[in-house]
Amino acid sequence: MVNVTWYGAREFATFAGGRLPTEAEWEYACRGNTTTAYSTGACLNDTQANYRWEWPLPGCSNANTAYLNETLPIDNFSPNAYGLYNMHGNVHEWCNDYYDDYSSLPQTNPTGPSVGPFRVLRGGGYSNNGITCRSAKRSSTGPVTGSNSFGFRLAFAP
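Residues numbered from 1 in each chain as written. Predicted model: local features only at pLDDT ≥ 70, side-chain atom pairs only at ≥ 80, totals over all residues. Heavy atoms only, no water.

(A) Examining the overall build of the chain more closely. When helices and strands are tallied, the chain shows 2 helices and 4 strands. Helices and strands in the chain line up, N terminus first, as α-α-β-β-β-β. Relative to the globule expectation of 15 Å for 158 residues, the C-alpha radius of gyration of the chain, 15 Å, shows essentially globular dimensions. If you line up the chain on its principal axes, its C-alpha atoms span 45 × 35 × 30 Å. Counting every position in the chain, which comprises 158 residues, the buried fraction comes to 42%. Considering only residue pairs separated by 6 or more positions, the chain has 68% of its internal contacts joining residues 24 or more positions apart. (Helix = DSSP H or I, 4+ residues; strand = E, 2+ residues; numbered from the N terminus. Rg over C-alpha atoms; globule rule 2.2 N^0.38 Å. Buried < 20%, exposed > 50% of the residue type's maximum accessible area, 1.4 Å probe, protein only. Contact = heavy atoms within 4.5 Å.)

(B) Seen up close, the environment of Leu68. Its place among the elements puts Leu68 in the loop between helix H2 (23-31) and strand E1 (92-98). The exposure class of Leu68 is partly exposed, given its relative accessible area of 33%. Sequence separation of Leu68 and Gly8 is 60 residues, and the distance between their C-alpha atoms is 27 Å. Residues contacting Leu68, with those up to four places away along its chain left out, are Asn50 and Trp53.

(C) Geometry of the packing of aromatic side chains. Summed over the entire model, instances satisfying the criterion amount to 5 aromatic pairs. Their ring planes at 80° and their centres at 5.4 Å tell us that Trp94 and Phe150 sit as a pair that is edge-to-face. Here Phe150 lies in strand E4 (residues 150-151) and Trp94 lies in strand E1, a separation of 56 residues in the sequence. A single burial state applies to Trp94 and to Phe150, both of which are buried. (Phe/Tyr/Trp six-rings, centres within 6.5 Å; stacked < 30°, edge-to-face > 60°.)

(D) Broad picture of the pattern of salt bridges. Enumeration over the complete set of coordinates arrives at 7 salt bridges. Between Arg138 and Glu23 there is a salt bridge, with its nearest N and O atoms 2.5 Å apart. Within this pair, whereas Arg138 is found in strand E3 (residues 138-141), its partner Glu23 is found in helix H2, the two being separated by 115 residues in sequence. By relative accessible area, Arg138 is classed as buried at 14%. With its nearest N and O atoms 2.8 Å apart, the salt bridge here joins Glu54 to Arg52. Look at Glu54 and you get partly exposed, because its relative accessible area is 27%. Here the residues in one salt-bridge network are Glu23, Glu27, Arg31, Arg122 and Arg138, joined through shared partners. (Salt bridge = Lys/Arg side-chain N within 4 Å of Asp/Glu carboxyl O.)

See below:
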């Protein structure tokens, strides 16, 4: 689902019996038990994610450099080690957290500030370069903003 605001994503998550992931949960899921910039390693290429292939990472290359300018089906690329598809690229994904600078103190599953004007987006989108799709890349916008490159995924408590 695309063109959804943070409010719409949250409402759907509640309706489905889940919730939006925290930013920390999203990054953990994206990394897929790796410590590299991408769950795929140091590079992200055109066989691994949907992004602006003409803008590969420095030192990396793509066989296909045509810009698709659209989202692709969820299973168009292989999943990460946790079985999750499209954690890099395709669409930016809403997280539950408000956006703010990270604390310098060690934390476990931080949830961000309790108020603020912006919500967190993670994952990069089909119109972004490879650097923007890194596991740790953060962006934000107002919760009433929708875009054809904004989507979400659900988190469910076990």
